[in-house]
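Close look at the chain arrangement
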Amino acid sequence: MSAVLKNERFLRALRREPVDRTPVWLMRQAGRYLPEYRASRKAAGSFLAMAKNPELACEVTLQPLARFDLDAAILFSDILTIPDAMGLELYFVEGEGPKFRHPVRDAASIAKLGVPDMETELRYVMDAVRTIRRELDGRVPLIGFSGSPWTLACYMVEGGGSKDFARIKAMALNDPQALHALLSVNTDAVIAYLAAQRAAGAQALQVFDTWGGVLSPAMYREFSLPYLTRIARELERGDTPLILFGKGNAAYLDELSQSGAEGVGVDWLIELGDAARRTQGRVALQGNLDPTTLYGSPDAIRAKVRDALDSYRDGNGGSRDGHVFNLGHGMSPDMNPDHVGVLVDEVHAYSAR
Ligand code: CP3
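Predicted model only: the values in this text are computed from it and were never measured.

A tally of regular secondary structure across the protein gives 16 helices and nine strands. Radius of gyration (C-alpha) of the protein: 19 Å, near the 20 Å computed for a compact globule of 353 residues. Each of the three principal axes of the protein carries a C-alpha extent, and together these read 55 × 45 × 40 Å. Relative to its 353 residues, the protein shows a buried fraction of 58%. In the protein, the share of contacts with a sequence separation of at least 24, taken over all contacts with a separation of at least 6, comes to 73%. In the protein, 40 side chains carry a positive charge and 45 a negative one; their mean positions are 1 Å apart.

Structure (structure tokens):
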């Protein structure tokens, strides 16, 4: 399909093979903190116009790579493309985040949902993957992604972002069968979506379970974990690695590391060394600097980067293998781009071996 990969650090780390330096990429590495992103967005008119245009999606995917020595690119898109294609109609209100015109709140509307066709209804995503692969020309691998069934369901039922997740939690209590039907169709769609991104050229795949951590343990084990595990088991992916990222997933690392996924992404509420001890080399670990570290001075950032690298090594039997450096969650629009450069360069310099 295209050029030989020139930088394999990220894929090697996910296989827990030795690398010359710890690979690093950042969640939300393309976004509003970059002036060139804001310029592209202004020219396009909106975030959705950009995401739905493969050339523009490619342009903004590559922007952070031009500035920083990152070891992976991530497709510029959104997790809410799937429910949009299911007919819920995604739109954005400035300052309020994503919303759906047709949220699903009962068994009848859930029963009408089906898996979208990947090469028609979500063709713009697959075209973006193909375009980015071509333009990357093997510089670094391209990560494709999806939301988790539970996290997608949160937006689909709430109709947008939420503070307390009252509607979907009420559904979990009052009509768990309807919620399981929704999670089941979402899982089918996520599996098809990730498989299609892989066929289009994605070289690694990440599932964002952003809202798994708002569930009690019993509810997480009923409404999120089984569906993540089903993705890890059923997604046919050859040697393309799958990473399960979840906010608030520290309590479930045993299960997640036995799900069949190649990598697990963790937030900053657990020491990386503890995560490594808990997972016993069964998976690669990705993370986990508190994103607000980027508000610190360059010296403070370097110190926190070294702490995270050493914590992982200490918990991983003295070896840095099997670690993909990242933040514990995404970047914010008011972060200083220069600080990203400090972080990325320190990861590479300090972990050189
Ligand atoms: O990481 C990357 O650089 C890749 C691109 C990416 C975006 N969204 C671009 C985006 C990824 C991986 C996502 C995933 C996503 N989208 C998640 C899961 C990841 C996470 O953060 O936990 C979620 C929950 C969403 C839903 C969503 N889309 C939200 C909450 C927002 C922010 C709304 C706002 O006003 O801040 C979006 C929009 C969005 N997705 C933006 C970007 C760069 C901002 C759009 C803009 O205003 O330009």
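Once that is clear, we can look at the sheet that holds strand 4 (residues 142-147). The strands that make up a sheet are held in pairs by hydrogen bonds between backbone atoms, and each pair lies either parallel or antiparallel. Spatially, seven strands are ordered 1-4-5-6-7-8-9 in an open sheet, and the strand pairing comes out parallel. What marks the edges here is a single partner per strand, and that holds for strand 1 (73-74) and strand 9 (323-327). As paired strands, strand 7 (residues 263-265) and strand 8 (residues 284-289) are joined by three bridges and run parallel to one another. When the sheet's bridge partners are listed, Gly265 is paired in strand 8 with Gln286.

A word on the confidence of the model for the protein. Here the protein averages 97 in pLDDT, and 99% of its residues register 70 or above. Among the scores for the predicted complex, ipTM is 0.92 and pTM is 0.97.

A few words on the UniProt feature "domain: Uroporphyrinogen decarboxylase (URO-D)" (unreviewed entry) in the protein. Annotation from UniProt places "domain: Uroporphyrinogen decarboxylase (URO-D)" (unreviewed entry) at residues 23-32 and 143-159. In this annotation, residues 23-32 is assigned 0% helix and 0% strand; the end-to-end C-alpha distance for the span is 23 Å.

Residues in close proximity to the ligand total 23 residues, the closest being Arg32, Tyr37, Arg41, Thr210 and His329. In this structure, Arg28 approaches the ligand through a main-chain N or O atom, which is 2.6 Å from an oxygen atom. At 2.6 Å, a side-chain N or O of His329 approaches an oxygen atom of the ligand. Protein coverage of the free-state accessible area of the ligand, which is 880 Å², stands at 89%. Contributions of two or more residues to the shell around the ligand are made by helix 2 (35-44) and strand 3 (97-100). Partitioned by chemical class, the residues of the shell around the ligand number 14 nonpolar, five polar and four charged.

Our focus in this paragraph is the environment of Gly281. The topology assignment puts Gly281 in the loop between helix 14 (272-279) and strand 8. What Gly281 contacts, discounting residues up to four positions off in sequence, is Arg16 and Ala276.

What follows deals with the pairing of strand 2 (residues 90-93). Here strand 2 runs beside strand 3; their pairing, made up of four bridges, is antiparallel. Its bridge partner lying in strand 3, Tyr91 is registered against Lys99. Here strand 2 hands over to strand 3 after three residues, with Gly95 in that stretch at a positive phi of 85°.

The next point concerns the pattern of salt bridges. Under the definition given, this model contains 28 salt bridges. Notably, a salt bridge pairs Glu262 with Arg237, separated by 3.1 Å at the nearest N-O pair. Here the residue Glu262 occupies a position in the loop between helix 13 (253-256) and strand 7, and Arg237 occupies one in the loop between helix 12 (225-234) and strand 6 (242-246), the gap between them amounting to 25 residues. For the salt bridge of Asp274 with Arg277, the shortest nitrogen-to-oxygen distance reads 3.0 Å. Residue Asp274 and its partner Arg277 are located together in helix 14, separated by three residues, close to a single helical turn.

Cut-offs and rules
- Residues numbered from 1 in each chain as written.
- Predicted model: local features only at pLDDT ≥ 70, side-chain atom pairs only at ≥ 80, totals over all residues.
- Heavy atoms only, no water.
- Helix = DSSP H or I, 4+ residues; strand = E, 2+ residues; numbered from the N terminus.
- Rg over C-alpha atoms; globule rule 2.2 N^0.38 Å.
- Buried < 20%, exposed > 50% of the residue type's maximum accessible area, 1.4 Å probe, protein only.
- Contact = heavy atoms within 4.5 Å.
- Lys, Arg positive; Asp, Glu negative; His and termini not counted.
- Charge placed at Lys NZ, Arg CZ, Asp CG, Glu CD.
- Pairing = 2+ DSSP bridges.
- pLDDT = per-residue confidence, 0-100.
- UniProt positions renumbered as here; feature names shortened; annotations may be inferred.
- Near = heavy atom within 4 Å.
- Polar contact = N/O pair within 3.5 Å; in protein donor to acceptor, adjacent residues only side chain to side chain.
- Areas by Shrake-Rupley, 256 points an atom, 1.4 Å probe, with all protein chains shown as cover.
- Nonpolar A, V, L, I, M, F, W, Y, C, P; charged D, E, K, R; others polar.
- Salt bridge = Lys/Arg side-chain N within 4 Å of Asp/Glu carboxyl O.

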